[in-house]
Amino acid sequence: MIMGNVSERRRQPPQVGVSVVILALGPASRDSATTADSACDDAGSTLWMPLVRRVRQPFLGQWALPGGDLRADHSLEQSAYAALESTTSLHPRYLEQLYTFGDPARSHGGLPMVSIVYWALVGSVDEHAGLVDGDNVKWFPVDHLPQLAFDHRAIIDYALSRLRGKIEYPQVVARLVGDRFTLSQLHDVYEAVAGQTIDLANFRRKMLASGQLEGTGEKLRVGRNRPAAVYRYAKDALRQSATWTCAPVEPAAVATPDDAITALTTV
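Caption draft 1: Quick look at the overall build of the protein. For the protein, the helix and strand inventory stands at nine helices and nine strands. Put simply, the protein has 267 residues, and 44% of those count as buried. Taking the intrachain contacts of the protein between residues at least 6 apart in sequence as the baseline, contacts between residues at least 24 apart amount to 65%. Total accessible area on the protein is roughly 14100 Å²; 49% of this is exposed by carbon and sulfur atoms.

Caption draft 2: Spotlight on a nonpolar patch on the surface. Taken together, the side chains of Val16, Leu70 and Leu76 present a nonpolar region at the surface, about 190 Å² in accessible area. Tracing the sequence through the fold places valine 16 in strand 1 (residues 15–27).

Caption draft 3: The packing of helix 5 (residues 170–177) against helix 6 (residues 183–194), seen in detail. Where helix 5 contacts helix 6, the two axes come as close as 10 Å, and the packing angle between them is 105 degrees. As far as their axial angle goes, helix 6 and helix 5 are roughly perpendicular. On helix 6, the residues touching Val173, Leu176 and Val177 of helix 5 are Gln185, Leu186, Val189, Tyr190 and Val193. Looking at side-chain class alone, the contact of helix 5 with helix 6 contains seven nonpolar, one polar and no charged residues.

Caption draft 4: Layout of the pattern of salt bridges. The final tally for this structure, using the stated rule, is seven salt bridges. Taking the shortest distance from any N to any O, the salt bridge between aspartate 157 and arginine 153 comes out at 3.2 Å. With aspartate 157 and arginine 153 both in helix 4 (residues 152–164) and four residues apart, this pair spans about one turn of that helix. You can call arginine 153 partly exposed: its relative accessible area is 37%.

Caption draft 5: Region of interest: the confidence of the model for the protein. Across the protein, pLDDT averages 84, with 79% of residues at or above 70. Contacts from residues 37–41, a stretch scored under 50 in pLDDT, to residues over four places away or in other chains number six contacts.

Caption draft 6: Here's a closer look at the environment of threonine 216. Positionally, threonine 216 belongs in strand 8 (residues 213–220). Counting along the chain gives 35 residues from threonine 216 to phenylalanine 181, while the straight-line C-alpha distance between them is 9.5 Å. There is a polar contact of 3.2 Å between the side chain of threonine 216 and the backbone nitrogen of glutamate 218. Engagement of the side chain of threonine 216 in a polar contact is seen with the backbone oxygen of valine 230, the distance being 2.9 Å.

Caption draft 7: A look at the packing of aromatic side chains. Summed over all chains, the structure comprises seven aromatic pairs. Residues phenylalanine 181 and tyrosine 233 carry aromatic rings whose centres are separated by 5.4 Å and whose planes lie at 55 degrees to one another, so their mutual orientation is tilted. Taken as a pair, phenylalanine 181 in the loop between helix 5 and helix 6 and tyrosine 233 in strand 9 (residues 228–233) lie far apart in primary sequence, 52 residues in all. Taken as a pair, phenylalanine 181 and tyrosine 233 share a single burial class, namely buried. Three or more aromatic residues joined by ring pairs make a cluster, and in this case those are Tyr99, Phe101 and Tyr158.

Caption draft 8: Looking closely at unusual backbone geometry. A cis amide bond links glutamine 57 with the next residue in sequence, proline 58, at an omega value of -5 degrees. When you line up the elements, proline 58 lands in the loop between strand 2 (45–53) and strand 3 (63–64). Non-glycine residue phenylalanine 59 carries a positive phi angle of around 65 degrees. The phi dihedral of serine 89 is positive, around 70 degrees, even though this residue is not glycine. Structurally, the position occupied by serine 89 is in the loop between helix 2 (76–88) and strand 5 (96–101). The class of serine 89 is partly exposed, set by a relative accessible area of 46%.

Caption draft 9: A look at the pairing of strand 6 (residues 113–124). Where burial is concerned, most of strand 6 is hidden: twelve out of the twelve residues are buried. Note that strand 1 and strand 6 share ten bridges and pair parallel. Of the residues in strand 6, the one forming a bridge with valine 18 is isoleucine 116. In this sheet, strand 6 lies alongside strand 5 in antiparallel orientation, the contact comprising five bridges. Bridge pairing in strand 6 places glutamate 96 opposite tryptophan 119.

Definitions and limits used
Residues numbered from 1 in each chain as written. Predicted model: local features only at pLDDT ≥ 70, side-chain atom pairs only at ≥ 80, totals over all residues. Heavy atoms only, no water. Helix = DSSP H or I, 4+ residues; strand = E, 2+ residues; numbered from the N terminus. Buried < 20%, exposed > 50% of the residue type's maximum accessible area, 1.4 Å probe, protein only. Contact = heavy atoms within 4.5 Å. Areas by Shrake-Rupley, 256 points an atom, 1.4 Å probe, with all protein chains shown as cover. Patch = residues over 30% accessible without salt bridge, like charges linked within 9 Å, V, L, I, M, F, W, Y side chains within 5 Å. Salt bridge = Lys/Arg side-chain N within 4 Å of Asp/Glu carboxyl O. Axes fitted to C-alpha atoms, helices over the stretch in contact; angles between N-to-C directions. Parallel < 35°, antiparallel > 145°, perpendicular 65-115°, else oblique. Nonpolar A, V, L, I, M, F, W, Y, C, P; charged D, E, K, R; others polar. pLDDT = per-residue confidence, 0-100. Polar contact = N/O pair within 3.5 Å; in protein donor to acceptor, adjacent residues only side chain to side chain. Phe/Tyr/Trp six-rings, centres within 6.5 Å; stacked < 30°, edge-to-face > 60°. Pairing = 2+ DSSP bridges.

Below you can see the structure in the form of structure tokens.
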């Protein structure tokens, strides 16, 4: 155990752990107390994420990203999966490394800490709601997050910025909307990721002209609306975006809105 006063602790090698950002598509909610189960179905969509209430100091009682320590017999990715499963029971098909956060100030005077952050998109909240139960684990919409421990708000903001910068990649969108979808469902995903309203008629026109989509010949009724055509991403579009993950960039470099979103919000 590392002992000593604050100054001595800050000169010690940092503790290293993993944190995980999980993002899923769920119903929009204007009430911070609303859960995924009770939100209104016709209110549009937004991104949701599971958070864990801390049961020890520092930040006792505050919400935080799922995370844990590294293990000598685990790889970084295995450690991230283990930390996620031990807190939420979630096991996404993949995890990708997002960034490493190691600013000395993030420990708030405690032991220096470095967090290797992974992230994943896991489809809809409904598919995973049963895996996140209890008083200390809960889904939250990203636009109504509680006060967070450490620098976890900055980590989430960085993850959202990275996602908005990748929304033009079909591989990314498909992880949220699925293999087959209506244009309305695809529009919901873009609005949820953008965090802003996108004109539906303009969106339909630009997506159909993009050459990325192909019709399946199927129809799907959603709610009270009449049946709508079902689309999927063309194989060429998926193939071209298969390597959508790029090297992490500095958080300050991803703060501006993505050009793809800007194009869809421009008539």
